[in-house]
Amino acid sequence: MRRFSLESRVSNSASRPAWLASCLLAVVLCLLSLALWRGASPMLHPPDVPHTIQGMAYNAFQRWGGPFQQRFASDADIASDMQLLSRHTRRLRTYSSAELPRLPAIAADHGLRLHAGVWLDRRLDANERELTAVIEAVAAHSNIDRVIAGNETLLQDKLRPEQLHGYLARLRKALAVPVSTAEPWHVWLDQPELADHVDFITVHLLPYWEGMPVEAALQQAMHRLARLHERFPGKPIVIGEIGWPGGDFHFGAARATPVNQAQFTREFLDYAQRHALDYFIMEAVDQPWKARIEGRVGAHWGLFDARRNLKFELSGPIETDPYWKTKALMTSILAVLPLVPLAFLFPHMRSAGRLTFALSAFLVASFAVAVATQPLADYLSPLDLMLYSLLVPALLMMGAVFLSQMLEFAELFWPGSLRRIAPVLPGPKPLPPDPEPLALGQESLPEDLPAVQPSHDATLLRLGPDGSDLPWVSVHLACSNEPPEMVIATLRSLLALQWPHLQIVVIDNNTHDPALWQPVQDFVLATGDDRVKFHHLPHWPGFKAGALNYALSCTDPRAQWIGVVDADYTVEPDWLEQLAGYFNRPEVAAIQSPQAHRDWQDHAVSRFMNWEYEGFFRLGMHHRHERNALIQHGTMVLIRRESLARAGGWNPACVCEDAELGLRLLRLGQDLVYVDKVMGRGLVPSDLQSYLRQRRRWALGGMQILRLHARDLLAHGPLTLAQRYHFLAGWLPWMGDALHLCFSLLALAWTAGLLLAPAWFNVPASLFLAPIAIFAMVRLMLGPMLYVRRMDCSWPDVVGAALAGMSLSHRVARGVLSGLFGKEARFEITTKRLGPGHTSQSAPRQDVRRHPLAGVREEGLILLALMLAVAALLLQPGQPLQGALLAWTGVLMLQALPYAVTIGLTLFSIRRPSPSVLSEDTSQ
C-alpha cells in the first residue's frame, strides 16, 4: 500500500539529469546569444569609396554645446575638428558667420575651403550681424569659395520671399564670390523665381525625411536632382545636404539605423564620384542639440559621433556593431546564471518547462544588455537621464516579475514537475489502496516516487474503540458586525463536525449593535452544547488577530490543534477526519485547505471573482507547497497549538496576521501542508468595491510582512533559499502593480512635457518601451493559458477571471505603497453577500449606498488622463506619426488597460446588480 511523504529531497538520480539539462541549455543559450548579436550586426559590403569626401556640412558644437544654451565651441575645439576633418575632406559648408568668426582662419590653417553660411531668420538685427560678418570674412579669407545665405528659410517660413530676395541681392552686390540660398528640392520647384536671385542652386536631398525606405532612397534622391536640372538648365546645382541618419528611429518607411546610414552614404559617395556631383554630406559630426528641433534622430546624422569617432570605414566590409561580441558574452552570462538555481531548486521540472524558463531568461538578458548599452549609442539630455534613471530600475523590476511568473508557469503548465503533493490523509479510517491525491487539477503522484513505509512519525493514527487516541481540536471563529444568520450557519456546520474531542470558541469583537451579536449568543445558549463558548468583546484592540489571541486564552488546555474558520464559512462534517493522518507528524505545524466559495453562480461579477480566487488555490499554492513555502490563510487551517505558542501567537500589528504567522512557523523549521480538497466554502465579496478593498488589504499586509521580516527574507536566516524566493517572488507581481501606477503617473507628466515643451522633452527610445509592452502582454497571457490547461472552467470564466485580476491593479498598487511607506495600517472589513433567500439585520455600509462609480474615482481619473494624453499626441497639428511616437501612445494605452477594465466591470455590475443582501465580516 503506497503512503505519502512530505519530504522533497533531491536524489542523485533526480539531480544529475537536472544538471545535465541545465548544462545543455547553457550551451544553447550561448549559441543563441551569438546568433542574435551577430544577426543584429551584419557585415556590410557596400562599394569602396575614396577616403577623401568632396564636402561635408559642418557645425562646430561639441557634445554639450548648442545655440539654445549659447554654448559655442572654443578655438581649440574648432582646431581639433579641422585637423580631424582635413584627413577626410577638402571643404566644409558652415551655417553661420557671426557665431564663429575665427573658423575661416582655422580652416585655412588646415587647408580646408569653405562655403560660408549666413544664418537668416525673423531676428532682423541678428541678420544684419550675419551679413556684416560674412562680408568681412570673404574679404579677409581667400579660402571662402561661395556663400550660402539662409538655410531652409522659406520652408520654415522664417522670412517672406521678398525679404530673402533682398538679402541675396545685397550679398551678390557686396561679394566677389557666388551667392546662393539652401532649400529642399520641392521649394525650388514650387518657387522657381527664387533661382533668379542666386548664382547657383543649393538643394537639400534628404530622402529619410520623405519617409522612403533606404533601398529606394538614392534612386529617388537622384530623380529629384534630375528634375532640378531639367527645370533650371545651365544653372549650377550644389547638393547642400544629402545623407542618412544613424541611431534607431523610424519615419514612415524610412529606418534610421547605423547599417542604413553606412549603406546609403557609401552608395551615394560611389555614385557621386562616378557622376562628378558637387555635394556636401550631411553632416560631418553628430549634433546632439538638434534633438530639440528634429527629435532624437536629429542628433545622429554625422559621419563622426559627438566624441569625434568615425562611425564606419569608407572601404572594405563594415561591421555595423563592433561591440557585438561583448554584448553576446554579457547576454550569455546573464541568461545562464538563472539556470544554476533552476537545477538546484527545481530538479524535477519537465524539459519543456525548463526550456521555456531558459528562453525567458535569455529574452530578459538580451533586453537588459540592449537597454544597458543604448545610452552609449544615444545622446541623452539631463531630462533624458532623469527619465532613464527611473526607467532602468523599473525595467529591472519588470524583468524580475517576468522571470518569477515564467518560473511558475514553467512548473505548472506541464504536469509531472510537482512531487510534494499532499493527499487527504484520514485518521479514523484506514487508507484505501492507492488513494487519489487531490492536487493541481488532475495531478497525480509521479510513478517514479518511491513508496514510503510507515514510521513512528508518519503512521496513521491508531484509534481505540472510542476514539480516545484522537487529539483535542479547538476551532476559533472571530467575527465583527456579522449578520447573525450567517454566523449561525457557520456554527451549525462546526457542530456537525465528526470529531469526538472538539471545542468551538466564538469571539465577537467590536460589535456594538446587540441585534448583531445577541442572536448568536442566544443560539449558542439554546444548543446547550458545552463544546461551544461565546465571548462578546465590545472594545477590543488588534482586530482579528486580537480576537484570535483572546480565543487562545479561552482554549481548552487539552487542545493540541487550533482550527481557524471565517464567520461566513460552512465546513464539511469530515474536515478534521480527512486530515487526521497528519496530526502524528511532529514536523507539521499547520495543515491548510483551500479557500472556496458558494452562491456565486447567479451573478456574473461574482463568478469572475470566484474564478480569480480559484487560480491561486489551484495553481499558486501548489507551486509554493513544492518547496514548503506556503502562504497560510486565515480560514480552513489547522495549526499545532505548541507551534503557535512557540511562534508567539497572532500578530495584531499586521493586517494579514495569518500569512505573517505562517512565515514565523517556517522560521521555526516546521512544515506547512497544503491539501487541495475543498472542505469548506465561504462567500465572495458583496460587490466589486469590497473585492478591491480586500485585495488592497492583502497587498498592504504583504508589505508589512516584508518590512517586519526583511532581515530573514533578504539576508541570512533560518528560512531556506527556496522559502525566501517564494515569499519575495509572490510579492513581485504586486510590486509590479505599484510600478504600473508610478509609471502611469510619470508617463502622464512626460506626455505633458512632450506637448507643452517639445524642445526639451523627447519620446523615450523604442528600446526602452518594448520591454514594457512585452511585460504587459505576457502578464495578460500567462494566467489564461494556465487556466485553460489546468483548471476545469469555461472560456468565459477564464476571461472573467483575467478581467477580475486586472481590475485589482490600482488597489494593489495603493496597498503596496501604503504598506511600504505608510505609518499605521487600518484594518478594512470586507463586505460579503449572503446567498439567495437570506435576509440581514445589518445596515449596509455607507460606501455601498454611494453610486458604485464613486468607489473607482481614482481609476476613472487616471484612465481619463491617459486617454486624453493619447488623443492629444495623435491629434497634434502637423505632427507626423513617427514610430517612436506611435510606440509611446501604445504604451499609454497599455497603461490605461487595467483602469479601463475596472471601470468596465463597475459599469457592468451596475447593469447586473447582485440580488443578494450585503453583509460584513473580517475575513480575508
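Relevant structure appears above.
Overview of the structure. (Residues numbered from 1 in each chain as written. Predicted model: local features only at pLDDT ≥ 70, side-chain atom pairs only at ≥ 80, totals over all residues. Heavy atoms only, no water.)

## Some remarks on unusual backbone geometry
Here's step 1: M282 connects to E283 through a cis peptide bond whose omega is 0 degrees.
Here's step 2: One non-glycine residue, D157, adopts positive backbone phi at about 55 degrees.
Here's step 3: Among the structural elements, D157 can be located in the loop between β5 (144-151) and α5 (161-174).
Here's step 4: Non-glycine residue N510 carries a positive phi angle of around 60 degrees.
Here's step 5: Along the chain, N510 falls in the loop between β14 (502-509) and α15 (514-527). (Helix = DSSP H or I, 4+ residues; strand = E, 2+ residues; numbered from the N terminus.)

## Quick notes on the pattern of salt bridges
Here's step 1: The final tally for this structure, using the stated rule, is 33 salt bridges.
Here's step 2: The partner of D556 in a salt bridge is R558, with the nearest N and O atoms 2.9 Å apart.
Here's step 3: Where R585 meets E587, a salt bridge forms, and the shortest distance between an N and an O atom there is 2.3 Å.
Here's step 4: A relative accessible area of 6% means that R585 is categorised as buried. (Salt bridge = Lys/Arg side-chain N within 4 Å of Asp/Glu carboxyl O. Buried < 20%, exposed > 50% of the residue type's maximum accessible area, 1.4 Å probe, protein only.)

## Let's talk about the layout of surface pockets
If a probe as big as a water molecule is rolled over the atoms, it shows which places are left empty.
Here's step 1: A volume near 1,500 Å³ is recorded for the second largest pocket.
Here's step 2: Those elements that provide at least two residues to the lining of the second largest pocket are α1 (12-40), α8 (258-275), β12 (318-319), α10 (324-336), α12 (351-377) and α24 (766-790).
Here's step 3: Broken down by element, the lining of the second largest pocket gets its largest block of residues, six residues, from α12.
Here's step 4: Partitioned by chemical class, the residues of the lining of the second largest pocket number 20 nonpolar, 14 polar and 11 charged. (1 Å grid on protein atoms, 1.4 Å probe; cavity = no way out; pocket = protein on both sides within 12 Å on 5 of 7 lines; lining within 4 Å. Points joined across faces, edges and corners; volume = space filled by probe spheres on them. Nonpolar A, V, L, I, M, F, W, Y, C, P; charged D, E, K, R; others polar.)

## Let's talk about the packing of aromatic side chains
Here's step 1: Under the counting rule described, the total for this entry stands at 25 aromatic pairs.
Here's step 2: With centroids separated by 5.7 Å and ring planes inclined at 35 degrees, the aromatic side chains of F61 and F72 adopt a geometry described as tilted. With F61 in the loop between β2 (56-57) and α2 (75-85) and F72 in the loop between β2 and α2, the pair connects residues that are 11 residues apart, well separated along the chain.
Here's step 3: What makes F61 buried here is its relative accessible area of 6%.
Here's step 4: Residue classification places F72 among the partly exposed positions, given a relative accessible area of 31%.
Here's step 5: The interplanar angle of 70 degrees and the centroid separation of 6.4 Å between the aromatic rings of F743 and W888 together place this pair among those described as edge-to-face. Linking F743 in helix α23 (residues 721-756) with W888 in helix α29 (residues 883-911), this pair joins segments that are 145 residues apart in sequence.
Here's step 6: In this structure F743 comes out as buried when scored by relative accessible area, which is 6%.
Here's step 7: Overall, the relative accessible area of 1% leaves W888 in the buried class.
Here's step 8: An aromatic cluster is built from Y208, W209, W244, F251, F264 and W301, whose rings are joined through pairwise contacts.
Here's step 9: For R231, the ring lying beneath its charged end belongs to F232, and the centroid distance is 5.2 Å. (Phe/Tyr/Trp six-rings, centres within 6.5 Å; stacked < 30°, edge-to-face > 60°. Lys NZ or Arg CZ within 6 Å of the ring centre and 35° of its normal.)

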